[in-house]
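Observations on the model geometry
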Amino acid sequence: MDGDKSRKEAHAKNKQCSNQKSSASQATNHQPTNHPSSPQSHSGCGESSQPVVPSPEFSQRAVLASGEVLTSPQPLPTPRDHRHSLSGIGTANGAISVNSPVNAVVKASSTGTLYASSPFHVHNSKRESMVSSAAGDFLSNFPSLSCSGPSLGNFGPLNGSCSANSGKTANGGFDADLFASGHVFFPPSSPLGSSPPQNQSQANYNWQATKTSVKERLAYLYNTDTMADIQFKVGKPPAHQIISAHKFILSIGSAVFDALFNGRLATSDSIIEIPDVEPAAFSALLRFLYTDEVQIGPETVMTTLYTAKKYAVPALERACVEFLKRNLSPDNAFMLLTQARLFDEPQLAALCLETIDKNTTEALGADGFTDIDLDTLCVVLERDTLGIRECKLFSAVCRWAEAECIRQNLIPPSSEHQRHVLSRALRLIRFPLMTVEEFAMGSAQSGILEDREVVELFLYFTVNPKPSISFLDVPRCCLTGKEQVVSRFCQIESRWGYSGTSDRIRFMVNRRIFVVGFGLYGSIHGPTEYAVNIQIIHMDSTKVMGSNDPTFQCDGTTSTFRVMFKEPVEILPNTSYIACATLKGPDSYYGSKGLRKVTHESVSSGKVTFQFTYAAGNNNGTSVEDGQIPEIIFYT
């Protein structure tokens, strides 16, 4: 009986001790952590006064949403899913240690300090909300919180340590409410006290903090995968490129992109193919939309202009046109003219044509001339302002016809084939403007003209009255309107000798004109032939603007005789030039009582004012008052 009574008392005592332990465990998980600094003792239950160290088989516990702690006799296996509930265990000194097989170990000592070696992953699923609730309850027990470790999800790094009162950090750090909301995400764990290595493939974290303006933030996103929601496959294979972008940024910069992404027929494709655009040009377009920066060069300006027009970005179009204007030259004038007509840029086309007018010979000699299309060729040949002799223009057109025959596979490029490809352009050549010698040595022998046309033109050159012909005879360029002559002497004298030096006079005009030749005096000894060199020299640069070495016949009268340049010479307003003539022949007449200022007026062209001054240096005695070069022949 005594034995049975002793056993019953021992059994009751053990049951009471077990209930006390269970109560203590629940208190540890629910009450605020105002723990005593000394370890707790559990006398009366057969326990030692020393802190209890849990054995290895009880090292894993699961924290449920209800706050209960379930202890398993064996360690929990590592789950495949990283979204695993947190495990907690109470220690004898009142501190709490939370372990996760996936995430880092988080410890809380009796001082209320929380050490986080790595953040947690908490997701918004039903199962995981239980975890965030339990974790939030856990962290809310720490009024004073100190954290060390790496970043907390998408909310920036926790550098060093951060402290907060009532469960919150001071400088945008961590708080229990935020953690419990289920919006904080933590990567897998690393060893306690160390930071996890940065993933180089991931975007730069917290990059926004280093950008002080919207422009800087958008520039950072340019040509990156950060937040990108659309991709373009640009160019033709195999040279195409994949370029990432952001629909919102493209939509606010281009009506075409806006319709593509947000319109009634918006695309749902994640990759959009653009085979007709060069990758470099598309990148230049995106750079402009993201940063307002224009990055173009001679090699990419035309493709960028095409891309800007395709996606309706007029500001970039204007930047391309301005770039072309600044870099326009006789060498690329024809190439840019073709592109300007193709892209419907009338202002650029007009500038190209003006450059061709001023530098016709150089422009026709450039490689780009033979690459133009027939329509562009006709536009140029129709102009009355080309500064070139018609025989040289015909030679350049023949070169174009040969290149066009090759492009059309008309081999060999015979005269018949050239006439065929020229078609209507042939009628725009103004053969009547040639001299009879130029026509006989060039055009008549080219084989491009029919025999009937050759006879017709020879009759035009040799008989009076001239017969009607099927080719235009309207003068070009400087040759528009009527030829005009300014005379600077009031009286004619004799005699004027020549010793191999040049007669020179300096002049200036008030408006742009084209000088085509000089009127010179002839021999006082009857009909004679003179050999002469004529030049116009730019005063400041000493550049020879035009020259020729013709001969001329005089009849012994006091009349002047025409000596012409090969091409018209452009004379700019308010700029000093020197007219120069070097004659070889007998003594001639000369002019006297010269005028310093002469105003020439015509009904069609208005007024042109010439000012004549002395040309310093060896000028064979010619001055403002008397000498040679009595006339300047020009067109306005």
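Residues numbered from 1 in each chain as written. Predicted model: local features only at pLDDT ≥ 70, side-chain atom pairs only at ≥ 80, totals over all residues. Heavy atoms only, no water.

For the rest of this paragraph, the subject is the pairing of strand S15 (residues 513–521). By the criterion of burial, S15 is predominantly enclosed, with 9 of the 9 residues buried. Across 8 bridges, the pairing between S15 and strand S19 (residues 560–571) is antiparallel. Counted as the bridge partner of Gly519 is Arg562 from S19. Two elements, S15 and strand S24 (residues 631–635), share 5 bridges in a ladder whose sense is antiparallel. Across the sheet, the residue bridging to Phe514 is Tyr635, located in S24. (Buried < 20%, exposed > 50% of the residue type's maximum accessible area, 1.4 Å probe, protein only. Helix = DSSP H or I, 4+ residues; strand = E, 2+ residues; numbered from the N terminus. Pairing = 2+ DSSP bridges.)

Turning to the packing of aromatic side chains, a few remarks are in order. In the structure shown here, the tally under the stated rule is 26 aromatic pairs. Measuring from ring centre to ring centre gives 6.5 Å for Phe507 and Phe610, while their planes differ by 35°; the resulting arrangement is tilted. Linking Phe507 in strand S14 (residues 503–509) with Phe610 in strand S23 (residues 606–613), this pair joins segments that are 103 residues apart in sequence. When sorted by exposure, Phe507 lands in the same class as Phe610, which is buried. The structure contains a cluster of three or more aromatic residues connected by ring pairs, namely Phe394, Phe431, Phe439, Phe458, Tyr460, Phe461 and Phe471. Lying across the ring of Tyr460, Lys466 places its NZ or CZ 5.0 Å from the centre. (Phe/Tyr/Trp six-rings, centres within 6.5 Å; stacked < 30°, edge-to-face > 60°. Lys NZ or Arg CZ within 6 Å of the ring centre and 35° of its normal.)

Right, let's talk about the nonpolar core for a bit. Grouped together as the largest cluster of nonpolar side chains are 81 residues, with contacts concentrated most on Phe232, Leu250, Phe257, Phe282, Leu422 and Phe431. The element that contributes the greatest number of residues to this core is helix H14 (residues 390–407), accounting for 9 residues. Setting aside residues up to four positions removed in sequence, Phe431 forms contacts with Glu390, Phe394, Leu426, Phe439, Ser443, Leu449, Leu457, Phe461, Phe471 and Leu472. (Core = buried A, V, L, I, M, F, W, Y, C linked by side-chain atoms within 4.5 Å. Contact = heavy atoms within 4.5 Å.)

Take the side chain of Thr622 next. Its location among the elements puts Thr622 in the loop between S23 and S24. Those residues in contact with Thr622 that sit more than four places away from it in its chain are Arg488, Trp496, Asp503, Arg504, Tyr614, Gly627 and Gln628.

A word on the packing of helix H10 (residues 333–342) against helix H13 (residues 374–381). Following both chains from N to C, one finds H10 and H13 inclined at 110°, their axes separated by 10 Å at the closest point. The pairing of H10 with H13 is recorded here as roughly perpendicular in orientation. The two elements H10 and H13 cross, and the hand of that crossing is right-handed. Counting all contacts with H10, which are made through Phe334, Leu337, Thr338 and Arg341, the residues of H13 involved are Asp375, Thr376, Val379 and Val380. (Axes fitted to C-alpha atoms, helices over the stretch in contact; angles between N-to-C directions. Parallel < 35°, antiparallel > 145°, perpendicular 65-115°, else oblique. Left-handed = near helix turned anticlockwise from the far one by under 90°.)

Here strand S9 (residues 230–234) pairs with strand S10 (residues 241–245) via 5 bridges, running antiparallel. When the sheet's bridge partners are listed, Phe232 is paired in S10 with Ile243. Hairpin connection between S9 and S10: a loop of 6 residues separates the two successive antiparallel strands, and Gly235 in this loop has a positive phi of roughly 95°.

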